[in-house]
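Per-entry structural report
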Amino acid sequence: MKEILNNDISCLKDIQSYVLFYFTASWCGPCKRIYPLLEKLSEGLDSETIEFFKVDINENDDLTTELKVKSVPTF
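This write-up is about the structure you can find in this document. Note that this is a predicted model, so its numbers are computed, not measured. (Residues numbered from 1 in each chain as written. Predicted model: local features only at pLDDT ≥ 70, side-chain atom pairs only at ≥ 80, totals over all residues. Heavy atoms only, no water.)

1. Focus: the side chain of S42
Mapped onto the secondary structure, S42 falls in helix α1 (residues 29-44). Residue S42 is classed as buried on the basis of its relative accessible area of 12%. In this structure, S42 is in contact with M1 and F52, ignoring residues within four places of it in sequence. (Helix = DSSP H or I, 4+ residues; strand = E, 2+ residues; numbered from the N terminus. Buried < 20%, exposed > 50% of the residue type's maximum accessible area, 1.4 Å probe, protein only. Contact = heavy atoms within 4.5 Å.)

The following block contains the structure:
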């Protein structure tokens, strides 16, 4: 699973597959429980079909606001 940092989504410009954004926070209990399952899922799927991105809402304020993320976890 890749991680988006500092609202930098430039890594998305060359993607030609489906994208799953996993909005999370370090203080979120449910997020911590879901993460290992998503990590395992992302390792088992072809990245040419789907790309997984972890987005911490505290480190990506602008992106979180722009996409209207209201709670975590959000996909």
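Now that the structure has been shown, we can carry on.
2. Considerations on unusual backbone geometry
The omega angle of the peptide bond from V72 to P73 is -5 degrees, so this bond is cis rather than trans. Residue placement: P73 occurs in the segment after α2 (61-66). The backbone of N6 shows a phi angle near 55 degrees, a positive value even though the residue is not glycine. Of note, N6 is situated in the loop between β1 (2-4) and β2 (18-24). Despite not being glycine, K68 shows a phi value in the positive range, around 60 degrees. By the secondary structure assignment, K68 is in the segment after α2. The exposure class assigned to K68 is exposed, which follows from its relative accessible area of 62%.

3. Here we look at the environment of L45
Residue position: L45 is located in the loop between α1 and β3 (50-56). It is 20 Å that separates the C-alpha atoms of L45 and R33, two residues lying twelve residues apart in sequence.

4. Overview of the sheet that holds β3
Spatial strand order, β1-β3-β2: three strands in an open sheet with parallel pairing. At either margin of the open sheet sits one strand with a lone partner, and together these are β1 and β2. Taken pair by pair, the neighbouring strands of this sheet meet at an average axis angle of 30 degrees, ignoring direction. Relative to β3, β1 runs parallel, the two sharing three bridges. Directly across from I4, in β3, lies its bridge partner V55. Helix-sheet contacts for α1 involve β2 and β3, and the interaxial angle to β2 is about 160 degrees. (Pairing = 2+ DSSP bridges. Axes fitted to C-alpha atoms, helices over the stretch in contact; angles between N-to-C directions.)

5. Brief notes about the state of the cysteines
All told, the structure shown has one disulfide when counted by the stated rule. Through a disulfide, C28 is tied to C31; the S-S separation comes to 2.4 Å. Taking the torsion about the sulfur-sulfur bond, which here is approximately 75 degrees, the covalent link between C28 and C31 counts as right-handed. As a non-bridged cysteine, C11 has C31 as the owner of its nearest cysteine sulfur, 20 Å distant. (Disulfide = S-S within 2.5 Å.)

Geometric descriptors of this kind do not, in isolation, establish any biological role.
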